[in-house]
Amino acid sequence: MPARPFTGPSLSRRTFLRGTAAGALGIAAVGTLGACGSGESGAESDTLRVAFGWILNTEFGGYYVAEDKGYYAEEGLTVEFQGGGPNAPTPMQAVAAGSADIGIAAGAPDLYTAIGQGNDFVALGAQFQVSPAGLLSLSARPIRTPRELASARILGQEGMQTTLDAVLVGAGLDPVYDFTPVGFDPSPLVEGQGDCYTCFVTNQPITLEQQYGLRRGDGYEVVTFADLGSAQYADVVFVDRTALAENRDRLVRFMRATMRGWDDYLADPHAAAALAVDKYGVDLGLEMAQQTRQAELQVPLIESPSGLFAMDVAAMEGPMWQALASGGYENLPAPASFVDLGVLAEARSPR
């Protein structure tokens, strides 16, 4: 198979929250998945390496539940989870290099950018129906609309300006604003250094609750960028196109077990948080109270009337792409060219 380059996107979902922009590198794509004998269920036993866009915390709790409860084993699969982080390859790099079989693209625009740069990836579904990216403000000076944002002093991470531009341009406002780069701790907001702070709505609000005793509506306000008119998916499951063609049944089995895990997560997010703290992220020093609260906050962003991992190609071609274009993204690939919901449909069908 010919090599093709993966070059890092200009804006990463983890760039604005955790400073993990992808570096540029040339790597060969590998289109086969590893097999390793037969499983106890009688089905072929295959190993799938799954690369996540961040550390093994509760963000990926449904996958842990599926592994811990034996759902992957029932499908004849063995899974290996690869955590991400500031010094780890992005999922796009890992899949393109062949060191992972399945990637979970933390920021969907990162995946789209990689595809636009020539990587032949296929999206199978999206964990987050609404991206957790958003804005924090204090209740004394709430920022809940694009017009309020335009006049605010914004605290955020470098790279976040693209999304801010998308929000303002999409609302017909001039993308000129007061922006101060800060880290991943919302303390500068509490200290009055700005009027709002870019955040994950499943993360930094917990800091305000646990460290400052603030509560939503009585101390702080939070909105997603979807609330502000810039909706995107997040934690998108993707594979190399050749791997999909050669191993479709294996990926159907993976998605079937994964959805069972996420169904259980939605029913009991606390149990998934415990798995993150005590098992899958045990060496990371995760705090149970924080992880439990994060698990709770993720639930409404994952649920969908169209079913788990749903993706709407029409919405992507329309408002999602318009928002990205407003923020300065170029060469966006046509969604119909890389979204394959057939695997998801097969995984949902009765056997």
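Above this note sits the structure.
Computed from a predicted structure; not experimentally measured.

The rules behind the values
Residues numbered from 1 in each chain as written. Predicted model: local features only at pLDDT ≥ 70, side-chain atom pairs only at ≥ 80, totals over all residues. Heavy atoms only, no water. Phe/Tyr/Trp six-rings, centres within 6.5 Å; stacked < 30°, edge-to-face > 60°. Helix = DSSP H or I, 4+ residues; strand = E, 2+ residues; numbered from the N terminus. Buried < 20%, exposed > 50% of the residue type's maximum accessible area, 1.4 Å probe, protein only. Lys NZ or Arg CZ within 6 Å of the ring centre and 35° of its normal. Pairing = 2+ DSSP bridges. Disulfide = S-S within 2.5 Å. Contact = heavy atoms within 4.5 Å. Axes fitted to C-alpha atoms, helices over the stretch in contact; angles between N-to-C directions. Parallel < 35°, antiparallel > 145°, perpendicular 65-115°, else oblique. Left-handed = near helix turned anticlockwise from the far one by under 90°. Nonpolar A, V, L, I, M, F, W, Y, C, P; charged D, E, K, R; others polar. Salt bridge = Lys/Arg side-chain N within 4 Å of Asp/Glu carboxyl O.

Tallying each qualifying case throughout the model produces 14 aromatic pairs. An angle of 20° between the planes, with centres 6.4 Å apart, marks the rings of tryptophan 321 and phenylalanine 338 as stacked. Residue tryptophan 321 is located in helix H14 (residues 313-326), and its partner phenylalanine 338 is located in the loop between H14 and helix H15 (342-348); the two are separated by 17 residues in the primary sequence. Both residues of the pair, tryptophan 321 and phenylalanine 338, count as buried. Residue placement shows arginine 260 over the ring face of tyrosine 71; its charged tip is 3.8 Å from the ring centre.

Here the focus is the pairing of strand E14 (residues 234-240). Summarising burial for E14: seven of the seven residues are buried, a large majority. Both strand E6 (residues 102-107) and E14 contribute to a ladder of four bridges, which runs antiparallel. Looking at the pairing, glycine 103 lines up with phenylalanine 238 of E14. Relative to E14, strand E7 (residues 121-128) runs antiparallel, the two sharing six bridges. Its bridge partner lying in E14, valine 122 is registered against valine 239.

Summed over the entire model, instances satisfying the criterion amount to zero disulfides. For the unlinked cysteine cysteine 196, the closest cysteine sulfur is that of cysteine 199, found at 9.7 Å.

So, on to the sheet that holds strand E10 (residues 178-181). The six strands lie next to each other as E10-E9-E11-E8-E13-E12, forming an open sheet whose pairing is mixed. What marks the edges here is a single partner per strand, and that holds for E10 and strand E12 (215-216). Of the pairings in the sheet, the one linking strand E8 (residues 133-138) to strand E13 (residues 219-224) comprises five bridges and is antiparallel in character. Among the inter-strand pairings, glycine 134 is bridged to a residue of E13, identified as threonine 224.

Among the structural elements, tyrosine 212 can be located in helix H9 (residues 204-212). Considering only alpha carbons, one finds tyrosine 212 and valine 190, 22 residues apart in sequence, at a separation of 8.6 Å. Leaving out residues up to four positions away in the same chain, tyrosine 212 has contacts with Ser187, Val190 and Thr207.

This brings us to helix H2 (residues 61-68). An α-helical turn contains 3.6 residues, so any two residues separated by three or four positions project in the same direction. Counting buried positions over the eight residues of H2 gives six, a clear majority of the element. Considered for burial, the residues of H2 that qualify are Gly61, Gly62, Tyr63, Tyr64, Val65 and Ala66. Glycine 70 occupies a position one or two residues after H2 and carries a positive phi of about 85°.

Our focus in this paragraph is the packing of helix H12 (residues 269-280) against helix H13 (residues 288-302). As a packed pair, H12 and H13 sit with axes 8 Å apart at the nearest point and diverge in direction by 135°. On the basis of the axis angle, H12 is oblique to H13. Note on packing geometry: the crossing formed by H12 with H13 is right-handed. Note on element contacts: H13 touches H12 through Met288, Gln291, Thr292, Ala295, Glu296 and Val299, opposite Pro269, His270, Ala273, Ala274, Ala276, Val277 and Asp278. In terms of residue class, the contact of H12 with H13 is made up of eight nonpolar, three polar and two charged.

Time to look at unusual backbone geometry. The phi dihedral of phenylalanine 309 is positive, around 70°, even though this residue is not glycine. You can see phenylalanine 309 is positioned in the loop between H13 and H14.

By the definition in use, this model includes 16 salt bridges. Residue lysine 69 is joined to aspartate 264 by a salt bridge in which the shortest nitrogen-to-oxygen separation is 3.1 Å. Separated by 195 residues along the polypeptide, lysine 69 in the loop between H2 and helix H3 (71-74) and aspartate 264 in helix H11 (residues 248-267) bring together distant segments of the chain. Owing to a relative accessible area of 46%, lysine 69 belongs among the partly exposed residues under this scheme. A salt bridge links arginine 141 to aspartate 195, with the nearest nitrogen and oxygen atoms 3.9 Å apart.

Taken as a whole, helix H7 (residues 161-170) has its buried residues at Thr162, Thr163, Leu164, Ala166, Val167 and Leu168. Elements in contact with the buried residues of H7: helix H6 (146-150), strand E9 (153-156), E10 and H14. Directly beyond the C-terminal end of H7, a positive phi value near 75° is found at glycine 172.

We now examine the packing of H2 against H12. In contact at an axis separation of 9 Å, H2 and H12 are set at 75° when each is read in the N-to-C sense. Classed by the angle they form, the pair H2 and H12 counts as roughly perpendicular. Judged by residue contacts, Gly61, Tyr64, Val65, Glu67 and Asp68 of H2 engage Ala272, Leu275, Ala276, Lys279 and Tyr280 from H12. Looking at the contact of H2 with H12 residue by residue, the classes come out as six nonpolar, one polar and three charged.

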